[in-house]
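Examination of the molecular architecture
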Amino acid sequence: MGGTEVTDGQGSADWVGKRVTVAGLGVSGLPAARVLHGLGAVVTVVNDGDDARARAQAEELAALGVTVRLGDARGGAAMGCGSLPDGTELIVTAPGWRPDKPLFAAAAAAGVPVWGDVELAWRLRGPDAAPWLAVTGTNGKTTTTQMLASILKAAGLRTAAVGNIGVSLLDVVLGDEEYDVLAVELSSYQLHWAPSLRAHSAAVLNLAPDHLDWHGSMEAYAADKGRVYEGNRVACVYNAADKATEELVREADVEEGCRAVGFTLGSPGPSQLGVVDGILVDRAFVENRQRNAQELAEVSDVDPPAPHNIANALAAAALARAFGVPAKAVRDGLRAFTPDAHRIAHVADVDQVAYIDDSKATNTHAAEASLAAYESIVWVAGGLAKGASFDELVAKSAKRLRGVVLIGADRGLIREALARHAPEVPVVDLDRTDTGAMRAAVREARGLARAGDTVLLAPACASMDMFTNYNKRGDAFAEAVRELGPAGA
């Protein structure tokens, strides 16, 4: 790999003088603009925001000779965000830009194609590019992608966890470092704008309502997730407990010989990976899978061994095995893996009560998985609901709840669901959205908890009503827990 040679019919010379509009700055737009300018394209960047960070990025690009138009989305047409810059032949968009943007309507009317940064990276791969093992789903993408990379490294392969995980695919495919295979996390946004992507193998971990304001419907959201299976060569990995993921496999147009491979927390059937007596088992990538199975690892090798995290490990193992990784590397890779912060992270035990930070549980599906991992819980929840309903989550989790402490702008929605489905559970409703509310929430949770309980921050909501991001929310929780002294102090 390396260099800027272009596949899929796009030679380097084809970019010279090509007028490309990059929609959005940030993590994806900035490298896209740099790369396209380096290929000789005439680049114009349009960006909704005009904050200090955007201005600094604009200055950096302007020094290269790139035109940048900054402006608020509400007045975007005047700034270029709603109208198509003159002569535009291609738009490369940041993944977060919604499909209903006026810019894209103008592009459609003019017959101008729209790519995301993932599509651009896919088309700019060198002739000996490393194959992609792709991971998507509503929850668990980052953990599964990191587990996969750890397993691949344990097999001695040159790899990296890239994509939606925060590492620009453009920087990777055009960089000097060579790879044998890439572990690629992809969001529904990125897949929407990546029509040409064809992975070696891919997994959809689960499907639950999320980002419906962006996609417009659950059907559209699922269809964009399902794009990850298009053109797969070896394996389409699906969740046997989530029939929607299996249906996406059935609908996918894959290469001849590509197989459907399921993962399950139960005993696996042929062409599945699963769990038998505390052992992760493969009945997909073995000879005579009707009769044989291969032990991969123990459940205790997965950190943490919560049910949904075991499912993540099975999905990662399936993709690795599809690439030919031996069983020992699966075990070694899982043992070596350390989860990121704020994902079911054990903060401390105080008075025989465990305090767990799962601030990353920003939607109901993630919170349900987190709540299912513990038997007796004081639940700290609330934030921005993003249009979610909490009835199903509360109904499924009610028997596990010792008590609930609510914070954040949309806490009332959770309170109402608790009144309907868990009326006997004590609820403390903190009418606060300031960052200091987390300290009060932890104190209230402590008062509700008993020895052997778990105080669990699994908000089921986004954090931006109170915090910059879920990391800051988790940090505030952990800090508040560490401030707790012995009971009665």
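Conventions adopted
- Residues numbered from 1 in each chain as written.
- Predicted model: local features only at pLDDT ≥ 70, side-chain atom pairs only at ≥ 80, totals over all residues.
- Heavy atoms only, no water.
- Helix = DSSP H or I, 4+ residues; strand = E, 2+ residues; numbered from the N terminus.
- Buried < 20%, exposed > 50% of the residue type's maximum accessible area, 1.4 Å probe, protein only.
- Contact = heavy atoms within 4.5 Å.
- Pairing = 2+ DSSP bridges.
- Axes fitted to C-alpha atoms, helices over the stretch in contact; angles between N-to-C directions.
- Core = buried A, V, L, I, M, F, W, Y, C linked by side-chain atoms within 4.5 Å.
- Arc of directions from axis to C-beta.

Here we look at the environment of Thr145
Following the sequence through the fold, Thr145 ends up in helix H6 (residues 141–154). A residue is classified by how much of its surface remains accessible, and Thr145, at 0% relative accessible area, is buried. Considered as a pair, Thr145 and Thr364 are 219 residues apart in the sequence and their alpha carbons are 21 Å apart. Contacts of Thr145, omitting those with residues within four sequence positions, involve Val135, Ala161, Ile165, Ala183, Val184 and Glu185.

Some points on the sheet that holds strand E1 (residues 19–23)
Ordered in space as E3-E2-E1-E4-E5, the five strands form an open sheet in which the pairing is parallel. If you trace the sheet from one side to the other, it starts and ends with strand E3 (67–70) and strand E5 (114–116), each paired once. The sheet shows a mean angle of 20° between the axes of neighbouring strands, taken without regard to direction. Of the strand pairs in this sheet, strand E4 (residues 90–93) and E5 are connected by three bridges, and their pairing is parallel. For Thr93, the partnering residue across the bridge sits in E5 and is Gly116. The sheet strands contacting helix H2 (residues 52–62) are strand E2 (42–47) and E3, and the helix crosses E3 at an angle near 165°.

Brief notes about the nonpolar core
If you look at the biggest cluster of nonpolar residues, it comprises 58 residues, and the most contacted ones within it are Trp15, Leu36, Leu120, Trp132, Leu182 and Tyr229. The biggest single contributor to this core is helix H1 (residues 26–38), with five residues. Setting aside residues up to four positions removed in sequence, Tyr229 forms contacts with Ala202, Ala203, Val204, Cys236, Val237, Tyr238, Thr245, Leu248, Val249, Ala252, Asp253 and Val254. If you look at the next biggest cluster of nonpolar residues, it comprises 42 residues, including Met147, Ile151, Leu205 and Ala317.

Quick word on helix H13 (residues 327–336)
Ala327, Ala329, Val330, Gly333 and Leu334 are the residues of H13 that are buried. Summarising the axial view, the buried residues of H13 lie within an arc of 160°, below the 170-degree limit, and thus occupy one face. Exposed side chains of H13 directed beyond 90 degrees from the buried face belong to Lys328 and Ala336. The inward-facing, buried residues of H13 abut H6, strand E13 (279–282), strand E14 (294–298) and helix H12 (307–322).

Examining the environment of Val254
Locating Val254 in the fold gives a position in the loop between helix H11 (243–251) and strand E11 (259–263). Placed 56 residues apart in sequence, Val254 and Arg198 show a C-alpha to C-alpha distance of 9.0 Å. Apart from the residues lying within four places of it in its own chain, the contact partners of Val254 are Tyr229, Gly231, Asn232 and Cys236.

Section: the pairing of strand E8 (residues 182–185)
In E8, alternate side chains face the same way, and those of Leu182 and Val184 on one face and Ala183 and Glu185 on the other are all buried. In this sheet, E8 lies alongside strand E6 (residues 132–136) in parallel orientation, the contact comprising four bridges. Pairing of Val135 across the sheet is with Glu185, part of E8. Here three bridges tie strand E7 (residues 161–163) to E8, and the two strands are oriented parallel to one another. Within E8, the residue paired with Gly163 across the bridge is Glu185.

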